[in-house]
Structure formats: structure tokens, C-alpha cells
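# Structural overview for review
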Amino acid sequence: YPSNSFLKHRSIAWYDYLLTGFRKLYPVTIDEDLAKESHYKLNFTISAIDIEINGKKVRVWYDWCDFEKVHLELKKPNDYYFKIMLLNGYQYVDKVFPIGQTVTGVKTYFEKLDNLRRKKDSKNYVRDVFFSGTTTNYAIRTKAVELIKDDKEINSLVGVQDYTGGTKRPPVPDRLKMPYFSYPDYLEECTKSKICLALPGVGGDWTWRHVEILGMGCCLMTVTPLYLLPGNPKGIFIPVARDLKNLTGKIKYFAKHDKEREEIARKGKEYFEKYLKPEAQAKWIIENIKND
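My aim in this report is to walk through the structure given alongside it, one point at a time.

Each value, and the rule that gives it
- Residues numbered from 1 in each chain as written.
- Predicted model: local features only at pLDDT ≥ 70, side-chain atom pairs only at ≥ 80, totals over all residues.
- Heavy atoms only, no water.
- Helix = DSSP H or I, 4+ residues; strand = E, 2+ residues; numbered from the N terminus.
- Contact = heavy atoms within 4.5 Å.
- Core = buried A, V, L, I, M, F, W, Y, C linked by side-chain atoms within 4.5 Å.
- Buried < 20%, exposed > 50% of the residue type's maximum accessible area, 1.4 Å probe, protein only.
- Pairing = 2+ DSSP bridges.
- Right-handed = clockwise from strand over helix to strand, strands pointing away.
- Axes fitted to C-alpha atoms, helices over the stretch in contact; angles between N-to-C directions.

## Section: the side chain of R127
Secondary-structure assignment places R127 in strand β7 (residues 127-134). Each residue touching R127, except ones within four places of it in the same chain, is listed here: N155, S156, L157, E189, K192, S193 and K194.

Right, here's the structure in full:
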């Protein structure tokens, strides 16, 4: 596994997440030469990993860039390439596979996960739907918040915060704003809500929030992603149209239909356990190499 010397930014959650997974399964050697082959810059964040299977060393490229570009120029014919938010169509390219997202804070999330699941399982809900996020995707996030706030039949806690990184977005109207939650407080609020909304962000459809919600066993609502997900899951979230025309209707329906909603939440947590938690992602890499 590469050393972290190629990293030039504090946001190394993807790197830490998969490394944590491998360490739970196998002894891991940190290698400086692999760091020199790895990349960390905008639209080009890729870790070079070497795995020995049955006495043969296999090169894996772990592309954790949340933009669409796929850097197949790095891949030799026998290399394996795993990318988060891999666009539909790339499943037909030899030895190229989708891989799951990570969470915002690896240590905090997994230290609190069992307790968060217990709170969610108590079903002491205080509202129909919860959403909080920055305007990494200004259009869809502000529109969703506005639609929900305008529907007086929905008991909600929703809002957005101004995005302060990278390209500037328009300021958020005051009536759509909500103060930042600390990360632990955000997770707690998810467990109090019948439905947790997650929406496309800066790079694409599937964000850290999606994974966090699934892992807690909360019921995820989101637009159907344009990307491939490991294992081609079915029924793990409530899908809404990309133009949000059915957003409020679906919130009201599933807020009242407990059995359907809780079954979706259960499937989502099972999917997290099988494909998304750190050791599951490491296993996904190993199994795809062994089965190829």
C-alpha cells in the first residue's frame, strides 16, 4: 500500500477508509515506491496498490476521484482498476470495476456506529425527513430544501449551508439556510428521522452521506445514480426523479408506510455490510481479482 507522502490535502478519507479495510484482513506493507506511482491532484486521485495472490503480484489502481474521468492510460492489460462513481458502460471494460464511497470521518463514524444503530432501531422518530449539506450542488440541493419547506404536510428538518471551497456558488437564501451540525450531531439527527435525504454533490451523485445513512440502518432517499455500484443493489433506497417532481409525494407516502420504509432501511444496512464498510471494500477487490 502506498505511503501517504503523495497526499497534499487534509481530505484523505478515501485513502484511510480502504487502508483500514485491508488492515483488518491482511498484514499491510506501506511502500514509498507505490506512493511515487500514486497521484493526488484535482480530477486525478489514484492510489497504486500491489496485492500478492497465490504467489503472484497484481497491480490495483484505486481511483477515488469523485469526478467522472477514468485514467485508463495508467492501466496495463493485467492491472485492475477500481473507481468510485464509475459511469455505466465501463463494466464492459476488462478488469475495471466500481467500488463504494467512504464516510466523512472514519474513526468517529465506526466508534459511534453501534450506538447509532441502536438509536435508529428504537424508532423514536421526531420527524419525517432530514437533510443538511453544503451547496456543492447548488441547484438540486436548494430546490429540494425549498420544495420540502413549502409543503406544510411534511414534518422536516432540512437546510443548506453556503459552499466555501473551490468555485463560488450563489449565496443561499436565508429561508433555506440551516446552521452547520458537527459531524456527531449530524449522525444523531439522521437516527431521529424516518427518511434521510442525500443528494448529488460536487463531483457526482453518490456522496459520503449516502454511505453513512446506509450504514446506520436509516432509510435513504436519493436520486437514482448515474453510476455503477458494487453488486448492482436493488431496493436499498427510495428513488426520486432527478427533477425532484415526485420528492414531496414520496416523502409523505413513505413517512406513513412504516413497513415498506423499514424494509428499505434493512436492505440498505445489509448492502453496507456486504459491500461498503472498509473490510467489505477490500474483500470486493480481492474477490474480483480471484474470480476474474
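## A closer look at the nonpolar core
Formed by 60 residues in total, the largest nonpolar core has its most connected members in F22, I51, W206 and I285. Here this core takes 7 residues from helix α1 (residues 13-25), the largest share from any one element. Those residues in contact with I51 that lie beyond four places of it in its chain are F22, K56, K57, V58, V60, I285, I286 and I289.

## With respect to the pairing of strand β10 (residues 220-223)
Residues L220 and T222 of β10 are buried on one face, and the alternating residues M221 and V223, pointing to the opposite face, are buried as well. Judged from the 2 bridges that link them, strand β9 (residues 193-197) and β10 form a sheet pairing that is parallel. Considered in β10, the bridge of L197 is made with M221. In the classification by handedness, the crossover that spans β9, the intervening helix α6 (residues 208-216) and the parallel β10 is right-handed. Pairing geometry for β10 and strand β12 (residues 238-240), over 3 bridges, is parallel. Across the sheet, residue M221 finds its bridge partner in β12, namely I238.

## Describing the sheet that holds strand β3 (residues 56-63)
Read across the open sheet, the 5 strands follow the order β1-β2-β3-β4-β6; overall the sheet is mixed. Looking along the sheet, the strands with just one partner apiece sit at the ends: β1 (39-41) and β6 (96-99). The sheet shows a mean angle of 25 degrees between the axes of neighbouring strands, taken without regard to direction. Judged from the 3 bridges that link them, β1 and strand β2 (residues 44-53) form a sheet pairing that is antiparallel. Across the sheet, the residue bridging to K41 is F44, located in β2. Its contacts with the sheet place α1 against β2, β3 and β4 (80-84), and it is angled at close to 10 degrees to β2.

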